[in-house]
Amino acid sequence: MSNRKTMLQLSVDQRRFALREAFVISRGARTVVETVEVRLADGDVTGRGECVPYTRYGESVQQVIGDLLKLAPALASGLDREALQEALPPGAARNALDLAFWDLEAKQAGLRVWELPAYKALEGPWPEPVVSAYTLSIGTPEAMRDAAAIQADRPVLKVKLAGDATDIARIQAVREGAPDARLVVDANEGWSPEGYAAAADAMAAAGVEMIEQPIHADRHEALRGMARPVKLCADESCHARATLDALEGLYDVVNIKLDKAGGLTEALALRREALARGFDVMVGCMMASSLGIAPAVSLAVGASVIDLDPPMLLGEDRTPALTVEGSLVRPPLAALWG
């Protein structure tokens with residue numbers, strides 16, 4: 001075992017993937033996805049992982065690459081996936097390397113990730129196809145009505161809102177465009193506490209099932225004692241298990257993302273603990289390629305809301321990519337990950 005560990009070789013690259021159209025949230029718009037790909041090689045066997053550095057959490061592509069490359073000597077000297085959990089904090093860098101470890105371990109064992117004893121020990125779900133929400137970017141109410149009408153046959157629509165006085169008109173327009181779809185909304189911290197209070201009843205009246213992160217994570221204590229006519233989900237407020245204590249009494253749901261948790265290892269542990277505490281679970285993602293989304297497919301089994309739609313939104317993706325049929329996302333082929 002020690003000889004095998006000393007052979008681990010790390011390589012890190014930046015990758016860019018174009019979106020089919022601009023993706024607009026309350027913090028801005030993007031047309032390109034910037035990712036970091038990690039490859040962890042043991043002789044002829046290589047594991048891969050991908051992360052998406054996010055400026056909201058003080059991350060950049062170059063900073064993440066630098067943090068990863070600093071670990072190259074430790075990886076060559078025996079740093080394993082368990083030790084990685086202490087070597088890096090939760091975040092994008094640890095996620096990419098953690099996912100590469102899982103991919104490598106599966107290939108070395110000749111198994112899929114979900115067949116590994118370590119995965120089973122974390123009570124990881126057996127993979128199956130999952131139904132993902134489809135995201136509608138922020139626009140005028142008229143533009144969002146038209147976009148919703150085009151996607152009206154999808155089971156779940158996730159609606160981005162801006163945190164301004166037009167949000168109620170936006171959600172009403174989306175409901176007109178897609179009268180039968182399940183709706184969840186994501187304010188991306190855009191509302192003030194007063195703005196949330198003013199909008200919550202209108203969201204309920206439009207049939208919205210859940211509101212993601214209505215106000216900034218630094219101010220979310222203001223939600224304590226406020227009415228919740230619609231379930232509230234912690235996104236920017238929820239990272240790893242250590243953040244759960246502060247969420248009780250404020251939120252009904254936690255959004256688990258691999259890049260926030262710092263990898264599948266912590267994400268599985270977070271899922272288990274959140275459910276034990278009585279939270280519902282949402283599984284989401286950053287705007288990534290199929291390599292970054294693939295590990296979340298099994299994690300999402302049984303989640304109350306699933307948001308793994310980047311393969312539906314990208315203009316270009318990896319080969320092979322995840323198989324997507326309408327809103328159904330299938331587990332990854334071994335050639336992609338795991």
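Residues numbered from 1 in each chain as written. Predicted model: local features only at pLDDT ≥ 70, side-chain atom pairs only at ≥ 80, totals over all residues. Heavy atoms only, no water.

Draft legend 1. Examining the overall build of the protein chain more closely. Looking only at helices and strands, one finds 13 helices and 14 strands in the protein chain. In terms of C-alpha radius of gyration, the protein chain reaches 20 Å, essentially the compact-globule figure of 20 Å for 338 residues. Of all 338 residues assigned to the protein chain, the portion counted as buried reaches 55%. The contacts of the protein chain with a sequence gap of at least 6 include a subset with a gap of at least 24, amounting to 67%. Carbon and sulfur atoms make up 51% of the accessible area of the protein chain, which totals about 13,100 Å². Charged side chains in the protein chain number 35 positive and 47 negative. The centres of these two groups are separated by 2 Å. (Helix = DSSP H or I, 4+ residues; strand = E, 2+ residues; numbered from the N terminus. Rg over C-alpha atoms; globule rule 2.2 N^0.38 Å. Buried < 20%, exposed > 50% of the residue type's maximum accessible area, 1.4 Å probe, protein only. Contact = heavy atoms within 4.5 Å. Areas by Shrake-Rupley, 256 points an atom, 1.4 Å probe, with all protein chains shown as cover. Lys, Arg positive; Asp, Glu negative; His and termini not counted. Charge placed at Lys NZ, Arg CZ, Asp CG, Glu CD.)

Draft legend 2. Inspection of the sheet that holds strand β8 (residues 208–212) at higher detail. Taken together, 8 strands build an open sheet; the order of strands is β5-β6-β7-β8-β9-β10-β11-β12 and the sheet is parallel. Because the sheet does not close on itself, it has two edges, and the strands there are β5 (134–136) and β12 (305–306). Both strand β9 (residues 231–234) and strand β10 (residues 253–256) contribute to a ladder of 2 bridges, which runs parallel. Following the sheet pairing, Cys233 is matched in β10 by Val253. Docked against the sheet, helix α8 (residues 167–177) engages β5, β6 (156–160), β7 (182–186) and β8, running at close to 155 degrees with respect to β7. (Pairing = 2+ DSSP bridges. Axes fitted to C-alpha atoms, helices over the stretch in contact; angles between N-to-C directions.)

Draft legend 3. Region of interest: the sheet that holds strand β4 (residues 130–131). Spatially, the 3 strands line up as an open sheet ordered β4-β14-β13, and their pairing is antiparallel. Each edge of the open sheet carries a strand with a single partner, namely β4 and β13 (324–325). Across 2 bridges, β13 lies against strand β14 (residues 328–329) in antiparallel orientation. Bridge pairing in β14 places Val324 opposite Val329.

Draft legend 4. Representation of the confidence of the model for the protein chain. Counting all residues, the mean pLDDT for the protein chain is 95, and 98% of those residues have values of 70 or more. Here residues 1–5 is a poorly scored stretch, pLDDT under 50, and it has 6 contacts once near neighbours within four places are set aside; other chains count. (pLDDT = per-residue confidence, 0-100.)

Draft legend 5. Molecular detail of the packing of helix α5 (residues 92–109) against helix α11 (residues 264–276). At a minimum axis separation of 8 Å, α5 and α11 run at an interaxial angle of 95 degrees. Taken together, α5 and α11 sit at an angle that is classed as roughly perpendicular. Where α5 approaches α11, its residues Arg94, Asn95, Asp98, Leu99 and Trp102 are matched on the opposing element by Leu264, Thr265 and Glu266. Of the residues belonging to the contact of α5 with α11, the class tally is 3 nonpolar, 2 polar and 3 charged. (Parallel < 35°, antiparallel > 145°, perpendicular 65-115°, else oblique. Nonpolar A, V, L, I, M, F, W, Y, C, P; charged D, E, K, R; others polar.)

Draft legend 6. A look at unusual backbone geometry. For the bond running from Thr319 to Pro320, omega is -5 degrees, close enough to zero to count as cis. With respect to the secondary-structure elements, Pro320 resides in the loop between α13 (310–313) and β13. Residue Glu189 is not a glycine yet carries a positive backbone phi of 70 degrees. By relative accessible area, Glu189 is classed as buried at 9%.

Draft legend 7. Fine view of the environment of Val12. Examined against the element boundaries, Val12 turns out to sit in strand β1 (residues 8–25). Each C-alpha atom of the pair Val12 and Asp167 lies 41 Å from the other, and the pair is 155 residues apart in sequence. With residues near it in sequence (within four places) discarded, Val12 still touches Val36, Glu37, Val38, Ile65, Leu68 and Leu69.

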